[in-house]
Protein chains: 2
Amino acid sequence: MQNSFTEENYLKIIHALSGREGVEVSTNALAESTATRAASVTDMLRKLAEKGLIHYKKYQGVRLTGAGEKVAISVIRKHRLWEVFLVEKLGFGWDEVHEIAEELEHIPSDELVERLDAFLGHPRFDPHGDPIPDAKGNLTDPDYLILTDVNVGEKVLMMGVLDHAPSFLQHLDRSGITLGSVLEITEINEYDKSASVRINGTNTLFISLEVSKNLLVQRR
Amino acid sequence: MQNSFTEENYLKIIHALSGREGVEVSTNALAESTATRAASVTDMLRKLAEKGLIHYKKYQGVRLTGAGEKVAISVIRKHRLWEVFLVEKLGFGWDEVHEIAEELEHIPSDELVERLDAFLGHPRFDPHGDPIPDAKGNLTDPDYLILTDVNVGEKVLMMGVLDHAPSFLQHLDRSGITLGSVLEITEINEYDKSASVRINGTNTLFISLEVSKNLLVQRR
DNA sequence: AAAAAAATTTAGACTAACCTAAAAATATAT
DNA sequence: ATATATTTTTAGGTTAGTCTAAATTTTTTT
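Residues numbered from 1 in each chain as written. Chains lettered and ligands numbered in written order. Predicted model: local features only at pLDDT ≥ 70, side-chain atom pairs only at ≥ 80, totals over all residues. Heavy atoms only, no water.

Residues and elements named next belong to chain B. Within the fold, V150 resides in the loop between β3 (145-146) and β4 (155-161). By relative accessible area, V150 is classed as buried at 2%. V150 sits 65 residues away from L215 along the chain, and the two C-alpha atoms are 11 Å apart. Excluding its chain neighbours within four sequence positions, the residues that come into contact with V150 are L145, V156, I185, I188 and V217. (Helix = DSSP H or I, 4+ residues; strand = E, 2+ residues; numbered from the N terminus. Buried < 20%, exposed > 50% of the residue type's maximum accessible area, 1.4 Å probe, protein only. Contact = heavy atoms within 4.5 Å.)

Here it is, written out as structure tokens:
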């Protein structure tokens, strides 16, 4: 049978929280992320376990099964493809698309997803630099660095963000940092780890540790 | 406050069933169209009346209020714009888009609808020839004829369909009848009212009364 | 105009997804 | 290792939208 909007959201969030290594996710963490109470999460976990979508033992946390991961990745694929559509075709800003994609990601129809993918030219990354799983559900995480791991003097390419909050993305817009920008760390302040960064070899600006922590980059 | 998916569907269906003159819609008709039971409809009508979206007096049938009509037309606008998107941009057939648009029509965000409209070039009609309400909610029904009202010898333009069933649309595809085709009635069979129709001045085919009844056309 | 039929509403129940409060299990601190 | 704190689960309840069966109202027929 079909999975509900809510079930899909739980699976997506479990996927996000269990990270690359597939660690167990706690009930409280899920309550936080779903904006519900722990008791509600417990109810849903029993249900998802019965459907064979998660591994769940009382008090032991939760992990996706193969079937659950398949659903989660399909939702992520749809979310990211719709984000590309909203930005590339409809002209939304990268800070405006998350909420709308949260709705669109639950529209069923494999045909729709595959045609959308083709219409968009089979994009590999969404507007925030997150990789788009392919139709078979292969999601290969590019191994980006966080800007805090880059040394003074190094030049890196801006490839993505960890924080997707509109306020953060708007801050990057105002700073002139976009996907593909070349960033060169010219100085790191010992005291607060803030940095001076030259962007595309031209203007230099200060960025706080808070910002550095949320920028994904790649050595060239 | 917001209207639910289900509430929007009731309003859309009341709109469709009450026709141009805004006649009262019966509980049973709504039960039929929503694929629920009359008792469920009654519950929903009480709720919609409380929200000021319908005029409802027990046993008297139901009519949209101004507010209700606004919601219904907004849903119709979204449905038809998404259908244009699916056909024009994603290459779906006109027989394949109804179900998907039934889902997409409930995605909220005025910004999304207006950008989609612009992206599509402000289309006036959907792939079935139905008029698309404008952003202000103006829905002007073009006064099309039904093919049964056309006489032998007349040439008309095929402008739309009344039946949206995939099987009917596929039948038209196989017959080579598309929006914009020029139809000339060359003969009407007295016995069963079936007709011979020349399409675009070339090939002629027989169409049954059942088909004629569902073709919307315009004199030129 | 009374009886019969049809349509509609009410009454009472169910499921999904949520809640609060209390109980139980696990983890942490002394 | 016991006491305390935290996390998680259970118990019991709520709302939206649905259901069936019974009661009521309206319509149709005789």
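What follows concerns the sheet that holds strand β5 (residues 182-188) of chain A. Residue and element names in this part refer to chain A. With antiparallel pairing, 6 strands are arranged side by side in an open sheet as β3-β8-β4-β5-β6-β7. Looking at which strands have only one partner, the edges of the open sheet turn out to be β3 (145-146) and β7 (204-207). Across 3 bridges, the pairing between strand β4 (residues 155-161) and β5 is antiparallel. When the sheet's bridge partners are listed, K155 is paired in β5 with E184. Relative to β4, helix α7 (residues 166-175) is tilted by about 145°, and along the sheet it contacts β4, β6 (195-199), β7 and β8 (215-219). (Pairing = 2+ DSSP bridges. Axes fitted to C-alpha atoms, helices over the stretch in contact; angles between N-to-C directions.)

A few words on the domain arrangement of chain A. Residues and elements named next belong to chain A. Split into domains, chain A comes out as domain 1 (5-64), domain 2 (76-140) and domain 3 (145-219). Here the C-alpha centre of domain 2 lies 24 Å away from the C-alpha centre of domain 1. Listed per partner, the contact involves 5 residues of domain 1 and 6 residues of domain 2. Carbon and sulfur atoms supply 53% of the area that domain 1 and domain 2 bury against each other, a total of about 520 Å² over both sides. Area buried by domain 1 at its contact with domain 2 is led by F5, E8 and K12, which between them contribute 75% of it. Counting across the domain 1 and domain 2 interface gives 2 salt bridges. On the surface where domain 1 and domain 2 come into contact, there are 4 residue pairs in polar contact (both at pLDDT 80 or more). Considered class by class, the residues forming the side of domain 1 that touches domain 2 number 1 nonpolar, 2 polar and 2 charged. (Domains from an automatic or database assignment. Buried area = accessible area lost by both parts, 1.4 Å probe. Salt bridge = Lys/Arg side-chain N within 4 Å of Asp/Glu carboxyl O. Polar contact = N/O pair within 3.5 Å; in protein donor to acceptor, adjacent residues only side chain to side chain. Nonpolar A, V, L, I, M, F, W, Y, C, P; charged D, E, K, R; others polar.)

Throughout the structure, instances matching the rule amount to 7 aromatic pairs over all chains. Pairing A:F85 with B:F119 gives two aromatic rings, centres 6.0 Å apart and planes at 80°, and the pair type is edge-to-face. Within this pair, whereas A:F85 is found in helix α4 (residues 66-89), its partner B:F119 is found in helix α6 (residues 110-119), the two belonging to separate chains. One aromatic cluster is present, built from ring pairs that chain together A:W82, A:F85, A:F119, B:W82, B:F85 and B:F119. Between A:K89 and the ring centre of A:F119, over which it is positioned, the NZ or CZ distance is 4.6 Å. Here B:R115 stacks its cationic end above the ring of A:F92, 4.6 Å away from the centre of that ring. (Phe/Tyr/Trp six-rings, centres within 6.5 Å; stacked < 30°, edge-to-face > 60°. Lys NZ or Arg CZ within 6 Å of the ring centre and 35° of its normal.)

In the superposition of chain B on chain A (RMSD 0.0 Å, axial shift 0.0 Å), the rotation amounts to 180°. The operation mapping one copy onto its partner corresponds to a two-fold rotation axis. Judged by C-alpha distance, B:L104 is the residue of chain B that lies nearest the rotation axis, at 3.8 Å. A share of 100% of interface residues in chain B that are also interface residues in chain A marks the association as one of identical surfaces. (Least-squares fit on C-alpha atoms with pLDDT ≥ 70 in both.)

Below, the discussion takes up the interface of chain B and chain A. Facing 19 residues of chain B, the contacting portion of chain A comprises 19 residues. Per-residue buried area on chain B facing chain A is highest for B:L90, B:R115 and B:F119; these three make up 32% of the total on that side. In this assembly, chain B and chain A are joined by 0 salt bridges. For the pair chain B and chain A, the number of links is 4 residue pairs in polar contact (both at pLDDT 80 or more). Elements supplying a minimum of two residues to the side of chain B that touches chain A: α4 (66-89), α5 (98-104) and α6 of chain B. The element best represented in the side of chain B that touches chain A is α6(B), accounting for 5 residues. When grouped by side-chain class, the residues that make up the side of chain B that touches chain A number 12 nonpolar, 2 polar and 5 charged.

Attention now goes to the protein's contact with DNA strand D. Taken together, 21 residues are adjacent to DNA strand D, and A:Y56, A:K58, B:S4, B:S40 and B:K47 come closest. Sugar and phosphate atoms constitute 77% of the interface atoms of DNA strand D, taking the interface as everything within 4 Å of the protein. Between DNA strand D and the protein, one listed contact pairs a phosphate oxygen with a side-chain N or O atom of B:S40 at 2.6 Å. Here a base oxygen of DNA strand D and a side-chain polar atom of B:D43 are 3.2 Å apart. Listing elements by their share of the surface near DNA strand D, those giving two or more residues are α2 (27-34) and α3 (38-50) of chain A together with α1 (5-18) and α3 (38-50) of chain B. (Near = heavy atom within 4 Å.)

Below, the discussion takes up the protein's contact with DNA strand C. Near DNA strand C there are 21 residues, and of these A:S4, A:S40, A:K47, B:Y56 and B:K58 occur at the shortest range. Among the atoms of DNA strand C lying within 4 Å of the protein, the sugar-phosphate backbone contributes 78%. Within the side chain of A:D43, one N or O atom sits 3.0 Å away from a base nitrogen of DNA strand C. A distance of 3.0 Å separates a phosphate oxygen of DNA strand C from a polar side-chain atom of B:T27. Sorting the residues of the surface near DNA strand C by element identifies α1 (5-18) and α3 of chain A together with α2 (27-34) and α3 of chain B as the ones contributing at least two each. In terms of residue count, α3(A) provides more of the surface near DNA strand C than any other element does, 5 residues in total. For the surface near DNA strand C, the class distribution of residues is 8 nonpolar, 8 polar and 5 charged.

Below, the discussion takes up the sheet that holds strand β5 (residues 182-188) of chain B. All names here are of chain B. Strand order across the open sheet formed by 6 strands is β3-β8-β4-β5-β6-β7, with antiparallel pairing between neighbours. Two strands lie at the open edges of the sheet, namely β3 and β7 (204-207), each paired on one side alone. With respect to the sheet, helix α7 (residues 166-175) is in contact with β4, β6 (195-199), β7 and β8 (215-219), its orientation differing from that of β4 by roughly 145°.

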